[in-house]
Amino acid sequence: MKQQKPNTIDEYIERFPEGVQKKLQQIRQIIQTAAPEATEKISYQIPTFYLNGNLVHFAAFKNHIGFYPTPSAMEQFKEALSLYKQGKGSVQFPIDEALPLLLISEMVQARVLENQQKVEQKKRRQLVPKSKNTEQQGVLKEKLILLGTGNAAVTKCYNTCFAIQKNETVFLVDTGGGNGILTQLEKAGIELDQIHEIFISHEHTDHMLGIIWLIRMISARMKNGFYSGTLNIYCHAELKQTILTIVKLTIPEKFVKMIGDRILFHPVTDGKSRKIMGYEVTFFDIRSTKAKQFGFLLKLESGKKLVFLGDEPYRDHEYVYADRADWLLHEAFCRYADREQFLPYEKDHTTVKEACETATALQAVNLILYHTEDKNLKKRKTLYQEEGRHYYQGNLYVPDDLTVFEL
Ligand SMILES: [Zn+2]
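Residues numbered from 1 in each chain as written. Predicted model: local features only at pLDDT ≥ 70, side-chain atom pairs only at ≥ 80, totals over all residues. Heavy atoms only, no water.

**Structural notes on the overall build of the chain**
Looking only at helices and strands, the chain features 14 helices and 20 strands. In terms of its C-alpha atoms, the chain occupies a principal-axis envelope of roughly 85 × 45 × 40 Å. Looking at the chain residue by residue over its 407 residues, the buried ones come to 52%. For the chain, contacts bridging at least 24 residues in sequence account for 59% of all contacts bridging at least 6. (Helix = DSSP H or I, 4+ residues; strand = E, 2+ residues; numbered from the N terminus. Buried < 20%, exposed > 50% of the residue type's maximum accessible area, 1.4 Å probe, protein only. Contact = heavy atoms within 4.5 Å.)

Structure (structure tokens):
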């Protein structure tokens, strides 16, 4: 006789022999304890806990209890789970062994947190007007978000990188030196599926290594169906090879396969323009003597000019791009007053003074300084502005990490 589909978890459990029922009740109880606010239901015909979306599922089979914490939790707990047989998004606990109650509890709690974060991110994104509406009303949101403002060796802020956000899409410029890029993006309320365009200026660790993490995380999302479309990476040809080498040495093969398929590299060359998020972006070689590096001129929707000079001082050949910039982004390793302490010139960097003199010569409207030391971060803004105003009368900004500019 064909069994009727269960409507409740009780009905589901009743159908099994007593020994199995005991296990099912045990796993049910541990989930209830770990997620007291979650509600029970049957989804995909198996017991399901729900809180801001499906949380976890479980089911009984002949030889095991199947537990479905979703691919993200499987990834997060993969070391502990490596002891068990696994399917996609599920793990099998043998019926004749004790259930790993602590592990189950931790996975449930991680899922509660994940769903909670999704809801909060959604709320945050709803605060930004939807692109359709803004087009209709002619209101466009263009923002510059400084994700990091420090030089290579900082420990109190993140390495220099930033995002240009247009409505809900994001153009990321450099990625800092590692996994911290994920933290900065999260703090800025930028989700990975908003990022489809990334430019890497040069090969130094403090600008480039974050891309390895982004490729890893985004390709995993692509595989799991949480990221649509392609990821476009812009950098010079040699840098592409460097990135590919590191990716191949450090990231699982299944993710590497996305490169060339949905992760696409686009070479930048001196003086060549590209359309990125509808912007005309002209890249130029900054002629670094240390490592090949590119800056760019980006024309905002208003026609205003945003100029990124990389992490080295302005050079005369950049005049055609940087002259009368509305937004000039220039490095300043430290104050001129502190040059003997930080030795900027030895590293092909300059100070607040020179950056401000350059901005004056170029008649820049706004000057943003970054790639600084971090020894006195709390007073950085005050001290730098104090020095800078002797050399530049425009708007001088010394942003902290996560400062947002309306462009
Ligand atoms: Zn740097």
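**Quick look at the sheet that holds strand S1 (residues 39-43)**
Here we have six strands laid out as an open sheet, ordered S1-S2-S3-S4-S6-S5, and antiparallel in their pairing. At either end of the open sheet lies a strand with only one pairing partner, and these are S1 and strand S5 (85-87). Between one strand and the next, the sheet's axes are offset by a mean angle of 25 degrees, whatever the strand orientation. Here S5 pairs with strand S6 (residues 90-94) via three bridges, running antiparallel. Counterpart to Lys 85 in the pairing with S6 is Gln 92. Seen against the sheet, helix H2 (residues 18-34) touches S1, strand S2 (46-50), strand S3 (54-60), strand S4 (64-68) and S6 and runs at an angle of roughly 170 degrees to S3. (Pairing = 2+ DSSP bridges. Axes fitted to C-alpha atoms, helices over the stretch in contact; angles between N-to-C directions.)

**Here we look at the domain arrangement of the chain**
When its domains are assigned, the chain resolves into domain 1 (9-124) and domain 2 (142-406). For domain 1 versus domain 2, the distance between C-alpha centres works out to 42 Å. Of the residues lining the interface, seven residues belong to domain 1; the matching set on domain 2 comes to six residues. For the pair domain 1 and domain 2, the summed buried area comes to about 550 Å², and 39% of that belongs to carbon and sulfur atoms. Where domain 1 touches domain 2, the interface holds one salt bridge. Arg 216 is the partner of Glu 75 in a salt bridge, and the nearest nitrogen-oxygen pair spans 3.0 Å. For the pair domain 1 and domain 2, the interface holds one residue pair in polar contact (both at pLDDT 80 or more). The set of elements that each furnish at least two residues to the side of domain 1 that touches domain 2 consists of helix H3 (70-76) and helix H5 (101-127). If one sorts the elements of the side of domain 1 that touches domain 2 by residue count, H5 sits on top with three residues. (Domains from an automatic or database assignment. Buried area = accessible area lost by both parts, 1.4 Å probe. Salt bridge = Lys/Arg side-chain N within 4 Å of Asp/Glu carboxyl O. Polar contact = N/O pair within 3.5 Å; in protein donor to acceptor, adjacent residues only side chain to side chain.)

**Comments concerning the coordination of the zinc ion**
Around the zinc ion, the protein contributes the donor atoms Asp 206 (OD), His 207 (NE2), Asp 311 (OD) and His 371 (NE2), at 2.1 to 2.4 Å from the metal centre. For the zinc ion, the four donor atoms in the first shell make angles of 86 to 174 degrees at the metal, a pattern classed as irregular. Donor residues for the zinc ion, ordered by position in the chain, follow D-H-x103-D-x59-H. Both residues of the pair, Asp 206 and His 207, belong to the buried class. (Donors = N, O, S within 2.8 Å, 3.2 Å for Na, K, Ca; no water. Tetrahedral: all angles 85-135°; square planar, octahedral: opposite > 155°, others 65-115°.)

**Considering the packing of helix H7 (residues 180-187) against helix H8 (residues 205-224)**
Running from amino to carboxyl end, H7 crosses H8 at an angle of 70 degrees, the nearest separation of the two axes being 8 Å. On the basis of their axis angle, the class for H7 and H8 is roughly perpendicular. Seen from H7, the contacting residues are Ile 181, Leu 182 and Leu 185; seen from H8, they are Gly 210, Trp 213, Leu 214 and Met 217. (Parallel < 35°, antiparallel > 145°, perpendicular 65-115°, else oblique.)

**Here we look at unusual backbone geometry**
Phi is positive for Asp 174, which is not a glycine, with a value near 65 degrees. With respect to the helices and strands, the residue Asp 174 is situated in the loop between strand S9 (169-173) and H7. Here Asp 174 falls in the buried class, since its relative accessible area comes to 2%. In this structure, His 371 is a non-glycine residue whose phi angle is positive, near 60 degrees. Here His 371 is to be found in the loop between strand S18 (366-370) and helix H14 (377-388).

**Thoughts on the packing of aromatic side chains**
What the rule picks out here adds up to 15 aromatic pairs. Ring centres of Tyr 12 and Phe 16 lie 5.2 Å apart, and the angle between their planes is 50 degrees; this geometry places the pair in the tilted category. A single burial state applies to Tyr 12 and to Phe 16, both of which are buried. Ring centres of Phe 162 and Phe 308 lie 5.4 Å apart, and the angle between their planes is 70 degrees; on these two criteria the pair is classed as edge-to-face. With Phe 162 in strand S8 (residues 161-166) and Phe 308 in strand S16 (residues 305-308), the pair connects residues that are 146 residues apart, well separated along the chain. Judged by relative accessible area, which is 0%, Phe 162 ranks as buried. With a relative accessible area of 3%, Phe 308 lands in the buried category. A connected cluster of aromatic rings, assembled from ring pairs, spans Phe 162, Phe 171, Phe 199, Phe 283, Phe 296, Phe 308 and Tyr 370. Over the ring of Tyr 279 we find Lys 166, and its NZ or CZ is 4.5 Å from the ring centre. (Phe/Tyr/Trp six-rings, centres within 6.5 Å; stacked < 30°, edge-to-face > 60°. Lys NZ or Arg CZ within 6 Å of the ring centre and 35° of its normal.)

**Thoughts on the side chain of Asp 206**
Within the secondary structure, Asp 206 sits in helix H8. Within the buried set, Asp 206 has no salt-bridge partner at all; the shortest N-O distance to an opposite charge, 8.3 Å, is to Lys 290. At 3.0 Å, the side chain of Asp 206 forms a polar contact with the side chain of His 207. A distance of 3.3 Å separates the side chain of Asp 206 from the side chain of His 371, its partner in a polar contact. Not counting the four nearest positions on each side in its chain, Asp 206 is found in contact with Asn 151, Ala 152, Asn 159, Gly 176, Gly 177 and His 371. (Lys, Arg positive; Asp, Glu negative; His and termini not counted.)

**Some words on H8**
Since the α-helix advances by 3.6 residues per turn, residues separated by three or four positions end up pointing in the same direction. If you check H8, its first and last C-alpha atoms are 29 Å apart, about what 20 residues at 1.5 Å a residue would give, namely 28 Å. Along H8, the residues that are buried comprise Asp 206, His 207, Met 208, Gly 210, Ile 211, Ile 212, Leu 214, Ile 215, Ile 218, Ser 219, Ala 220 and Met 222. Looking one or two residues past H8, Gly 225 carries a phi angle of roughly 80 degrees, positive in sign. (Expected span 1.5 Å × (residues − 1).)

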